[in-house]
Amino acid sequence: KTAQALHAPCGTALRPGRATRTSGRVAMADDERQPEVFGGGHPDQERIVGQTEGLQDFRRRQEGHLIIADDRPLLVMSFGRKYQGTNSSKYKIEGKYDIPVGYKVIIKWDDDEIVFMTREGSRGFGPEFQIVYLPKSPVAEDFTMFEWNANIAEIWDQFLKVVEGHEDRDLRIFNQGPWRTFGVTRDEVQIALKQGTDNKTIIDGILYCADGQTPTLEEHMRYLGFDPATDENYLWICEAFRSEPKPPNFFQYVSEGRVYWVDATTNEPTWKHPNYDKYRQMLQAARLQKPVAHWKSIMEFRIEYLLSNIFTWEVEEEVQKGGEYPLVETVQNVLEMERIFGIDVKNEPYLVHVLKRALRHYANAVKEKRRVTDVGDFRDLMQRYRDIVGQFEQMREEETKRVQKMKVCIQCDEQDAVLFCDQCKDFFCQMCFDRLHAKGRRQNHRRTWVEMGHCSECQESIALFHCVQCADLYCRDCFQEWHVRGGRRNHIPIVLRSFNSQTHILADATPAMGTGASKTLAQARSPWFAFTDENNVKLYYNFHTYESRRDMPLAPINEPIEENRGGGLAAGWSATYGSNMFPDPLDPSTQRVGKTKAPSLETAF
């Protein structure tokens, strides 16, 4: 147990209304400055200062402001700042005292320590408060953390219920109420807010770069507040912080060994990395939850951290009032899941469907307060999808080989085949057919004239149709794709006599006519995906160019591969495994009795 718990991150995902017995250490403050001692009215200051120096788990003389309040000491770790936003009346006490944002203080109760913190609330709901009770105990994990709460009376009552169990202790210290107990209304604190004593500490630090080019991992570790002595299992957070791409509108520069960033949209420079808050809070959460240094535990922690920041207690309150949960299958969440699973959707865009499926599954788990598991199963599911796409690629290559073989005369191996012999079951050019069938019983062999032209679009499959208006040859898939909309829907095709009458006697005829492998692959490898925004309006996003648009692009839209397509063991196994592995809360067939019917969505991937 250390008093470093007072530096718990403001973004720690805790729910109001409960006191949580937890364990772990939270990050120490970054600012180091000389303490300021404010004299109080008590004559026995030596005893009070001695009591305060019992708070010596770290160098508080260099990191706190000691205030002698009546007969007890207050150790203010941060005065915070005065709130400057809308609804400022919610940050007032009795209409005259300011409630600071980012205020952190430690008080002593005999040998125990009590930490009080404030932060800015979301959506204009006013400030939020947290209390951490650290009793003197040989067990390091023995402390009680009251979760962030916007209701000071509620969290104060929860705290009193815990301390009232100590009937042998003097409880008169708490008769003043929370504001005076924790020194919020004291003149020293209010003057510090007006003078902006802590305004200079709003920027958490500077990222240094010794070589003037690119900061090293060690420099990122120092910038993030990483402690090598105690955070060795969380080194992956610093590595992820360093490797994650910055937003496209931020550009990085180095000046005199210090790194800064410029937002191109506003042309404003800043010393704070655009991803600093995300990974700083992730490091704080890891210190609390203590994930082990194993890929499965790390992935589960990162997924839960991602979704816990979406389904906050404010969202739960809105849902209880009739609101809706925020969207989960968004572009940004898919990109974050891509980083968590360590894949590249540029090279394997079809895996986006697995990531969207995983988001739906884990969002339901987090909303129901269940543990995030099954990450290994989703990795297996990705491999199944790769197997399907691989089989389609093999099928396309086989089609190409067969078409090339059939297009050439089987006899001379030079001229294009124009005749098919029903008895020989081979393709011949006119000259070779006449020469081989000039004598004997071959004179009675039945022949079929065939057109062996290639499709003018894909240049792979044998053409089956001739469009009169387009004056081009098309295979089955290309004709359907190019004549599905507009005036081309009225075009008249002429069916060519290629293999239509030979499929019952020629085994190679059906593959050569086209199995749709090329079309399926073009769709599976398309970078365009359809998403829905908060207004339930479709938008299309390109994972190659990062382009977003409302109108449907002309390129194919990447859709999940249908079940039981592609042939072979991998296709059937993957389709069944993927669609039945997890119950989908959005699938009407899995809805529980009495629940509202959800909209029908594709659930195979």
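All chains use their own residue numbering, which begins from 1 and follows the written sequence. The model is predicted, so local features are restricted to residues of pLDDT at least 70 and side-chain atom pairs to those at 80 or more, both for listing and for counting; the totals for chains, interfaces and linings are taken over all residues. By convention in this description, side-chain values take in all heavy atoms of the structure and omit both hydrogens and water.

Novice: With reference to specific residues and values, describe the packing of aromatic side chains.
Specialist: Centres within 6.5 Å make a pair out of two Phe, Tyr or Trp rings, where for Trp the six-membered ring is used; the pair is then stacked when the planes are under 30 degrees apart, edge-to-face when over 60, and tilted otherwise. A complete count under the given rule lists 28 aromatic pairs for this structure. Geometrically, the ring pair formed by Trp 156 and Phe 174 is edge-to-face, given 6.2 Å between the ring centres and 70 degrees between the ring planes. Pair noted here: Trp 156 is in helix H3 (residues 152-163) and Phe 174 is in the loop between H3 and helix H4 (178-181), with a separation of 18 residues, a long-range link. Seen from their ring centres, Tyr 253 and Tyr 260 are 5.7 Å apart, and the 25 degrees between their planes marks the pair as stacked. Tyr 253 sits in the partly exposed class, given a relative accessible area of 40%. Feature note: the residues Tyr 103, Trp 109, Phe 116, Phe 129, Tyr 133, Phe 146, Trp 156, Phe 159, Phe 174, Trp 179 and Phe 182 constitute an aromatic cluster, connected by ring pairs. The rule for a charge over a ring is simple: NZ of Lys or CZ of Arg within 6 Å of the ring centre, and within 35 degrees of the ring normal. One residue, Arg 169, lies across the ring of Trp 109, its end atom 4.1 Å from the ring centre. In this arrangement the basic side chain of Lys 356 is found over the ring face of Phe 531, its NZ or CZ atom lying 4.6 Å from the centre. Comment: elements are numbered from the N terminus, with helices defined as DSSP H or I runs of at least four residues and strands as E runs of at least two. To sort residues, take the accessible area from a 1.4 Å probe on protein chains only and compare it with the maximum for the residue type: under 20% means buried, over 50% means exposed, and anything in between is partly exposed.

Novice: Please set out the environment of Tyr 546 residue by residue, giving values where relevant.
Specialist: With respect to the helices, strands and loops of the structure, Tyr 546 is situated in the loop between strand S21 (538-542) and strand S22 (548-549). What makes Tyr 546 partly exposed here is its relative accessible area of 48%. Sequence separation of Tyr 546 and Val 331 is 215 residues, and the distance between their C-alpha atoms is 9.8 Å. The contact criterion used is simple: two residues touch if any of their non-hydrogen atoms lie within 4.5 Å. Discounting residues that sit within four places of it in the chain, Tyr 546 has contacts with Lys 346 and Tyr 541.

Novice: Hey, could you go over the nonpolar core for me, with residue numbers and the actual values?
Specialist: Counting 43 residues, the largest nonpolar core has Ile 303, Leu 307, Met 337, Phe 341, Tyr 362 and Phe 543 as its most contacted members. Of all elements in the fold, only helix H9 (295-308), helix H11 (331-341), helix H12 (352-367), helix H13 (375-407), helix H17 (517-524), strand S20 (528-532) and S21 reach the threshold of two or more residues within this core. Side-chain atoms within 4.5 Å are what join buried Ala, Val, Leu, Ile, Met, Phe, Trp, Tyr and Cys residues into a set we call a nonpolar core.

Novice: So what's going on with the sheet that holds strand S16 (residues 447-449)? Which residues, and what values?
Specialist: Here, any two strands with at least 2 DSSP bridges between them count as paired. If you trace the three strands from one edge of the open sheet to the other, you get S15-S14-S16, paired in antiparallel fashion. Each edge of the sheet is formed by a strand with only one pairing partner; in this case those strands are strand S15 (426-428) and S16. This sheet shows a mean twist of 30 degrees between the axes of neighbouring strands, independent of strand direction. Two strands pair when backbone bridges link them, and strand S14 (residues 419-421) and S15 are joined in this way by three bridges, in the antiparallel orientation. Axis geometry follows a simple rule: fit a line to the C-alpha atoms, using only the stretch in contact for helices, then measure angles between N-to-C directions, giving values from 0 to 180 degrees.

Novice: Provide a residue-level description of the pattern of salt bridges, including the pertinent values.
Specialist: Salt bridge criterion: a side-chain nitrogen from Lys or Arg within 4 Å of a carboxyl oxygen from Asp or Glu. Under the defined criterion, the tally for this structure stands at 23 salt bridges. As a salt-bridge pair, Glu 336 and Arg 302 come within 3.5 Å of each other at their nearest N and O atoms. Of this pair, Glu 336 sits in helix H11 while Arg 302 is found in helix H9, placing the two residues 34 residues apart along the sequence. For Glu 336, a relative accessible area of 7% translates into the label buried. Ionic pairing is found between Glu 368 and Arg 370, a salt bridge with its closest N-O pair at 2.9 Å.

Novice: Can you explain unusual backbone geometry? Please cite residues and give values.
Specialist: Residues other than glycine seldom take positive phi values, yet Glu 256 does so here, at roughly 50 degrees. One non-glycine residue, Asn 267, lies in positive phi territory at about 60 degrees. Examined against the element boundaries, Asn 267 turns out to sit in the loop between strand S12 (258-263) and strand S13 (268-270). By relative accessible area, which is 61% here, Asn 267 ends up exposed.

Novice: Can you lay out the sheet that holds S20 for me, pointing to particular residues and giving the numbers?
Specialist: Paired through their backbone hydrogen bonds, the strands of a sheet run either parallel or antiparallel. Ordered by their spatial adjacency, three strands build an open sheet running S20-S21-S22, and the pairing between neighbours is antiparallel. The open sheet has two edge strands with one neighbour each: S20 and S22. With two bridges joining them, S21 and S22 adopt antiparallel strand pairing. The residue of S22 that forms the bridge with Tyr 540 is Arg 549.

Novice: Give me the lowdown on the pairing of strand S9 (residues 143-149), citing residues and values where you can.
Specialist: Most of S9 is tucked away, with seven of its seven residues classed as buried. Judged from the four bridges that link them, strand S8 (residues 128-134) and S9 form a sheet pairing that is antiparallel. Among the inter-strand pairings, Ile 131 is bridged to a residue of S9, identified as Phe 146.

Novice: Hey, could you go over helix H6 (residues 217-224) for me, with residue numbers and the actual values?
Specialist: The buried count for H6 comes to six of eight residues, which makes it a mostly enclosed element. If you check which residues of H6 are buried, you get Leu 217, Glu 219, His 220, Met 221, Tyr 223 and Leu 224. Looking one or two places after H6, you find Gly 225, whose phi comes out positive at around 80 degrees.

Novice: Could you give an account of the environment of Asp 413, naming the residues involved and the relevant values?
Specialist: Following the sequence through the fold, Asp 413 ends up in the loop between H13 and S14. For the pair Asp 413 and Cys 429, spaced 16 residues apart in sequence, the C-alpha to C-alpha distance is 9.3 Å.

Novice: I'd like to hear about the pairing of strand S3 (residues 72-78), residue by residue, with values.
Specialist: Where burial is concerned, most of S3 is hidden: seven out of the seven residues are buried. Strand direction decides the pairing type here: strand S2 (residues 65-69) and S3, joined by five bridges, are antiparallel. The residue of S3 that forms the bridge with His 65 is Val 76.

Novice: Describe in detail the side chain of Glu 300, supporting the description with residues and values.
Specialist: Looking at the secondary structure, you find Glu 300 in helix H9. Counted as positive: Lys and Arg. Counted as negative: Asp and Glu, with His and the chain ends omitted from the count. Here Glu 300 occupies a buried position and makes no salt bridge, while the nearest side chain of opposite charge, Arg 371, is found at 4.0 Å.

Novice: So what's going on with the confidence of the model for the protein chain? Residues and values would help.
Specialist: Confidence of the predictor at the level of single residues is given by pLDDT, which spans 0 to 100. Of all residues in the protein chain, 75% have pLDDT values of 70 or greater, and the mean over the chain is 77. Mean pLDDT values over the elements of the protein chain span from 39, in helix H18 (residues 568-580), up to 94, in helix H7 (residues 235-243). In the predicted structure, residues 1-49 sits below a pLDDT of 50 and forms 161 contacts with residues beyond four places in sequence or in another chain. With pLDDT under 50 throughout, residues 200-204 is counted as low confidence; its partners more than four residues away or in other chains account for seven contacts.

Novice: A description of the state of the cysteines should follow, citing residues and the corresponding values.
Specialist: Counting rule for disulfides: a pair of cysteine sulfur atoms within 2.5 Å. Overall, the coordinates contain zero disulfides when judged by the stated rule. In this structure Cys 467 is a free cysteine whose sulfur lies 3.5 Å from that of Cys 470, the closest cysteine sulfur available. With relative accessibility at 0%, the residue Cys 467 sits in the buried group.

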